[in-house]
Amino acid sequence: MTSVLGTPLAPLGGDGRPSFLVSDLHLGEGAAQAVANLVGVLQAARAAAARVLVLGDLFDAYVSARQVHVGVWRDVAAHFAAATSAGTEVVLLPGNRDYLLGSEFVAASGVRLVAGGLRGVLAGADTVLLHGDELCQNDLPYQRAKRWLRHPLTRAIARRLPLRLALRAAERARAKSQQVVGRGDPQRFLPTLAALGAVFATGAGRLVFGHIHRFAHGACDPGEYWVLPAFDATAVGLEARGDRLRPVRFDASGRCEPVPVPDSCPFAA
Ligand SMILES: [Mn+2]
């Protein structure tokens, strides 16, 4: 296993199989439409014999292992379980909001939970798939906090928190991070060119990530990148089939329609 920017890369596997990629669904109580659209993705995948790759932040907040037994977290696990038991492969990368997902969610859903990113051939190109927070290297307070938040001891304590306490802690953390993002230097929250360079230095020719909630596609010598938008706001993802990678919009009835290829996005120095 290789790693890039501190994120381990597991083999993507499944060469040549069609895939649907979505990211940043931010599912929570009150996200009924996004949950319905996710069910549409699972239906579309089943019809196309495709696998589903979720590039992180499936949930708005997942802290305690108890969450999988209640509410939207239980419902989403059940939707995944219906899909995976019918033969659809679902692969889940952790995001910054749901990196505490663990074995209880895997057991309830049948998904493959990957501790980091993925690398392999996707639509004919050697591709790295990341959530994308590791690319935002200028956000030093976040990168420092990430190191202790993801420490095994911190994780173990958080995952044992009573449900109500866990959700309140997640809510406070998010309110604070929104304040910081609202005030901060916008350059601080952009992926850096150096981070993209580190990904392409692995020899991969394509990078796909989410996290920044900005739908984009462009070239970054010597590779190309795709940024997935927030699924809860757009229902848009990518379809990989044969050698073709194209953006599509899903609906709750299992249909997906191509959408125009988006413009490039800025990167920080
Ligand atoms: Mn994120």
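None of these values were measured; they are calculated from a predicted model.

The next point concerns the overall build of the protein chain. Along the protein chain, the regular secondary structure elements total 8 helices and 14 strands. Taking 269 residues into account, the globule formula puts the C-alpha radius of gyration at 18 Å, and the protein chain, at 17 Å, falls close to it. Judged by the C-alpha coordinates and their principal axes, the protein chain covers about 45 × 45 × 35 Å. For the protein chain, with 269 residues in total, the buried portion stands at 50%. In the protein chain, the proportion of contacts linking residues at least 24 apart, taken out of those at least 6 apart, comes to 70%. Split by element, the accessible area of the protein chain, about 11,900 Å² in all, is 56% carbon and sulfur.

As enumerated under the stated definition, the model contains 14 salt bridges in all. Put simply, Arg97 and Asp57 hold a salt bridge, and the shortest N to O gap is 3.9 Å. One end of the pair, Arg97, is in the loop between strand S5 (90-92) and helix H3 (103-109); the other, Asp57, is in the loop between strand S4 (51-54) and helix H2 (71-85), and 40 residues separate them in sequence. For Arg97, a relative accessible area of 23% puts it in the partly exposed group. Asp57 sits in the buried class, given a relative accessible area of 1%. Residues Asp126 and Arg119 are paired through a salt bridge, measuring 2.7 Å at the closest nitrogen-oxygen approach. Residue class for Asp126 comes out partly exposed when judged on its relative accessible area of 27%.

Moving on: the packing of helix H1 (residues 32-48) against H2. Working note: a packed helix pair is described by the angle between its axes plus the distance between those axes. One can describe the packing of H1 onto H2 by two numbers: an axis separation of 10 Å at closest approach and a directional angle of 10°. One element, H1, and the other, H2, form an angle in the roughly parallel class. Packed against H1, whose contacting residues are Val35, Leu38, Val39 and Leu42, the element H2 presents Val72, Val76, His79, Phe80 and Ala83 at the interface. Class assignment of the residues belonging to the contact of H1 with H2 gives a composition of 8 nonpolar, 1 polar and no charged.

Those residues of helix H7 (residues 193-200) not exposed but buried are Ala195, Leu196, Val199 and Phe200. Considered in projection along H7, the buried side chains sweep an arc of 135° and stay on one side of the axis. Check the buried side of H7 and you find it contacts strand S1 (2-4), strand S8 (125-129), strand S9 (206-209), strand S10 (216-220) and strand S11 (223-227).

A separate point is the coordination of the manganese ion. Of the protein atoms, only Asp57 (OD), Asn96 (OD1), His131 (NE2) and His211 (ND1) coordinate the manganese ion, at distances of 2.1 to 2.4 Å. All donors of the manganese ion come from a single chain, and their spacing in sequence reads D-x38-N-x34-H-x79-H. Taken together, the residues span a long stretch of sequence, with Asn96 in the loop between S5 and H3 and His131 in the loop between S8 and helix H4 (140-149) at a distance of 35 residues. A residue is classified by how much of its surface remains accessible, and Asn96, at 22% relative accessible area, is partly exposed. You can call His131 buried: its relative accessible area is 2%.

Moving on, we come to the packing of aromatic side chains. Applying the stated criterion across every chain, the model contains 7 aromatic pairs. Aromatic side chains Phe80 and Phe105 sit 6.4 Å apart centroid to centroid with 90° between the ring planes, which places their arrangement in the edge-to-face category. Taken as a pair, Phe80 in helix H2 and Phe105 in helix H3 lie far apart in primary sequence, 25 residues in all. Given the relative accessible area of 0%, Phe80 is considered buried. Since its relative accessible area comes to 0%, Phe105 is described here as buried. Here the aromatic cluster, defined as three or more aromatic residues joined through ring pairs, consists of Phe59, Tyr62, Phe80 and Phe105.

For Asp133, the position within the fold is in the loop between S8 and H4. At 2.6 Å, the side chain of Asp133 and the side chain of Tyr142 are in polar contact. Beyond its immediate sequence surroundings of up to four residues, Asp133 is in contact with Asn96, Tyr142, Gln143, Lys146, Arg150 and His211.

Rules and cut-offs
- Residues numbered from 1 in each chain as written.
- Predicted model: local features only at pLDDT ≥ 70, side-chain atom pairs only at ≥ 80, totals over all residues.
- Heavy atoms only, no water.
- Helix = DSSP H or I, 4+ residues; strand = E, 2+ residues; numbered from the N terminus.
- Rg over C-alpha atoms; globule rule 2.2 N^0.38 Å.
- Buried < 20%, exposed > 50% of the residue type's maximum accessible area, 1.4 Å probe, protein only.
- Contact = heavy atoms within 4.5 Å.
- Areas by Shrake-Rupley, 256 points an atom, 1.4 Å probe, with all protein chains shown as cover.
- Salt bridge = Lys/Arg side-chain N within 4 Å of Asp/Glu carboxyl O.
- Axes fitted to C-alpha atoms, helices over the stretch in contact; angles between N-to-C directions.
- Parallel < 35°, antiparallel > 145°, perpendicular 65-115°, else oblique.
- Nonpolar A, V, L, I, M, F, W, Y, C, P; charged D, E, K, R; others polar.
- Arc of directions from axis to C-beta.
- Donors = N, O, S within 2.8 Å, 3.2 Å for Na, K, Ca; no water.
- Phe/Tyr/Trp six-rings, centres within 6.5 Å; stacked < 30°, edge-to-face > 60°.
- Polar contact = N/O pair within 3.5 Å; in protein donor to acceptor, adjacent residues only side chain to side chain.

By themselves, these observations are geometric and do not establish any function.
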